[in-house]
Amino acid sequence: MTKEQFVVTAAQMRDIEGRIFAAGMPVAALMEKVGKLISDSFARHWQRLQSIIPLSPSFQGGLGGSHVGILAGPGHNGGDALVVARELHFQGYQVWIYQPFAKLKELTSQHLQYAQSLGIPCYQQLAELPSCDFLIDGLFGFGLEREITGNIAEAINHFNDWNKPIFSIDLPSGLHTDTGEVLGTAIRATHTFCLGLWKQGLLQEQALEYIGQAELIDFDIPLADIHAILGEVPKIKRITKTTVFDTLSLPLSPTTHKYKSGHLLLISGSKRYAGGAILTGLGARASGVGMLSIAVPESIKPLLISHLPEALIIGCPETETGAISHLQLPSNTDLSSFNAIACGPGLTTDATPIIEQVINSDVPLILDADGLNILAQLGTISTLQKRQNTTILTPHTGEFHRLFPDINYQDRVKAVQTAASQTGAVVLLKGARTAISNPEGVVWINAESTPALARGGSGDVLTGLMGGILARVVNKQVNIEDVVAAAAWWHSQGGILAVKERTELGVDAFTLTQYLIRVLKLSIEDIL
Ligand SMILES: NC(=O)C1=CN([C@@H]2O[C@H](COP(=O)(O)OP(=O)(O)OC[C@H]3O[C@@H](n4cnc5c(N)ncnc54)[C@H](O)[C@@H]3O)[C@@H](O)[C@H]2O)[C@@H](O)CC1
Ligand SMILES: [K+]
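Now for a quick tour of the structure. Since this is a predicted model, take the numbers as computed values, not measurements.

**Focus: the overall build of the protein chain**
Summing up its helical and strand segments, the protein chain has 18 helices and 19 strands in all. For the protein chain, the C-alpha radius of gyration of 26 Å lies close to 24 Å, the compact-globule estimate for 528 residues. Overall size of the protein chain, expressed as C-alpha extent along the three principal axes, is 85 × 50 × 45 Å. Pairs at least 24 apart in sequence give 71% of the contacts found in the protein chain among residues at least 6 apart. As displayed, the protein chain has an accessible area near 21400 Å², and 51% of this comes from carbon and sulfur atoms. Of the side-chain charges in the protein chain, 38 are positive and 49 negative, and the distance between the mean point of each set is 5 Å.

If you want it as structure tokens, here you go:
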């Protein structure tokens, strides 16, 4: 595993840190190292930002004219900030410190004393602090243990109102390290320098409006110490490019043939929602699946053929409302002919018999959209107990609530873990930070995405893409949650690339399908 994949709580980080100190690393030396890494990273951002944001009227250009406000708290987060203050001072920035606390930890107090001896102005009263071009927030890190109130809360709100770039050290002060909840009030950072390992709270949706652009500052925590606390196979992980490429099974074997590259059956679409079937098909196309069959109502078969000439389109008898009434597979074919089935987009809830049929089959199955709505009507847990083979559920929040009305989804990580353990399925809960859990509670979080994907049809593309990957690799001893994670990552990276080229408004679901192979190509080039 790479450092980028680990996710820790405050307690775990403290234990990991404790091992490093017990092994002989001096606390002060580590703080020094971290402070230097932060100031270097800040300097890189400063170079970029000074050219694009309006600076204070007194700004003269050059480091000396750039006013940096350092917000220093009472603990070691404040200590980090004070090391940064000293480093930036020596690099030539004009630095001011805001430090409103009466009592500081020993090391923090020493750094403050030295900074003051260098002539760096230090203010305890907010009103005395001059206006700054940038702020560095070291008020609280993972040691925040209760709500922020009084003059500190007022100061945080005041800094947020300044509308200047704020660089938070470790995490924006005021966020709960594990849940991302705002404890009273919190700094709205434009950048967050997360120290050492990703804190769980930074991957929670409720934190997103506060963390801005987040980056990991790697300060060389030994892997042995991480594994000693998180276990050999950590429970909660962040999806990265490396994990995805381990799962995609590339390059192809030179002797492969189409059936070795998987056969996927998509069951999707209705007369009313024909587009869902097309988008699911185009998502599956990008997966490189060897054989693609798509079951749709007979009346939309010509439309599907025109969009996906490579696929076998199976026209099925339809209900009066234009939904598939029952599957009519070609002769010599039954459901066991397929490596995977993905089912749901555009079906309408009139397709109940189809869902019952695929649930009763012994084939790896993805249920999405109306597939999930029908499952909820049938009774989620009792119905899935009948399943022998892999099941993947891909709800958005509304569908999740219909499937699992008793599970509180405020803490999304806990919610997917509970849903997966109750059903035996792998559950993916869609959102700005999609979370995926297997029944044993192993969780993947997709930490990079774009709000541009919050559009109709985007989920259909994901279902097709995931179905195709599943069919390709399901017989290759992969973990099912890794397949789901690979699809989620690929889908959102496609969206991110599309935003770069077309803006956030330019990523309709069809356009997204056109970016999937492009982003894969760029990622492969990046890895090689
Ligand atoms: N984990 C590591 O290995 C490293 C951690 N470092 C830094 O150390 C930080 C953690 O340091 P600490 O444990 O000292 O914790 P913090 O610096 O996050 O803050 C703890 C202090 O704040 C006080 N406090 C907590 N909640 C408060 C509230 N609501 N209102 C007022 N005061 C409150 C506590 O009494 C304590 O004095 C990290 O976030 C990081 O910045 C780095 O120095 C180097 C390496
Ligand atoms: K902070």
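**Things to note about the nonpolar core**
With 60 residues, the main nonpolar core has Leu264, Leu292, Ile294, Leu304, Ile436 and Trp490 as its most contacted residues. For this core, the element with the most residues is helix 17 (residues 480–502), which contributes twelve residues. Not counting residues up to four positions away in its chain, the partners in contact with Leu304 are Ala277, Ile278, Ile294, Val296 and Ile313. Within the second largest apolar cluster, 40 residues are counted, among which are Tyr93, Ile169, Ile217 and Ile221.

**Points about the coordination of the potassium ion (ligand 2)**
Protein coordination at the potassium ion (ligand 2): the donors are Asn77 (OD1), Asp137 (O), Phe140 (O), Ile169 (O), Leu171 (O) and Ser173 (OG), at 2.7 to 3.1 Å from the metal. Coordination at the potassium ion (ligand 2) is irregular: its six donor atoms span angles of 68 to 173° at the metal. Spacing between the donor residues of the potassium ion (ligand 2) along the chain follows N-x59-D-x2-F-x28-I-x1-L-x1-S. On the criterion of sequence distance, the pair formed by Asn77 in helix 3 (residues 76–91) and Leu171 in the loop between strand 6 (166–169) and strand 7 (191–195) is long-range, its members being 94 residues apart.

Scoring rules and cut-offs
- Residues numbered from 1 in each chain as written.
- Chains lettered and ligands numbered in written order.
- Predicted model: local features only at pLDDT ≥ 70, side-chain atom pairs only at ≥ 80, totals over all residues.
- Heavy atoms only, no water.
- Helix = DSSP H or I, 4+ residues; strand = E, 2+ residues; numbered from the N terminus.
- Rg over C-alpha atoms; globule rule 2.2 N^0.38 Å.
- Contact = heavy atoms within 4.5 Å.
- Areas by Shrake-Rupley, 256 points an atom, 1.4 Å probe, with all protein chains shown as cover.
- Lys, Arg positive; Asp, Glu negative; His and termini not counted.
- Charge placed at Lys NZ, Arg CZ, Asp CG, Glu CD.
- Core = buried A, V, L, I, M, F, W, Y, C linked by side-chain atoms within 4.5 Å.
- Buried < 20%, exposed > 50% of the residue type's maximum accessible area, 1.4 Å probe, protein only.
- Donors = N, O, S within 2.8 Å, 3.2 Å for Na, K, Ca; no water.
- Tetrahedral: all angles 85-135°; square planar, octahedral: opposite > 155°, others 65-115°.

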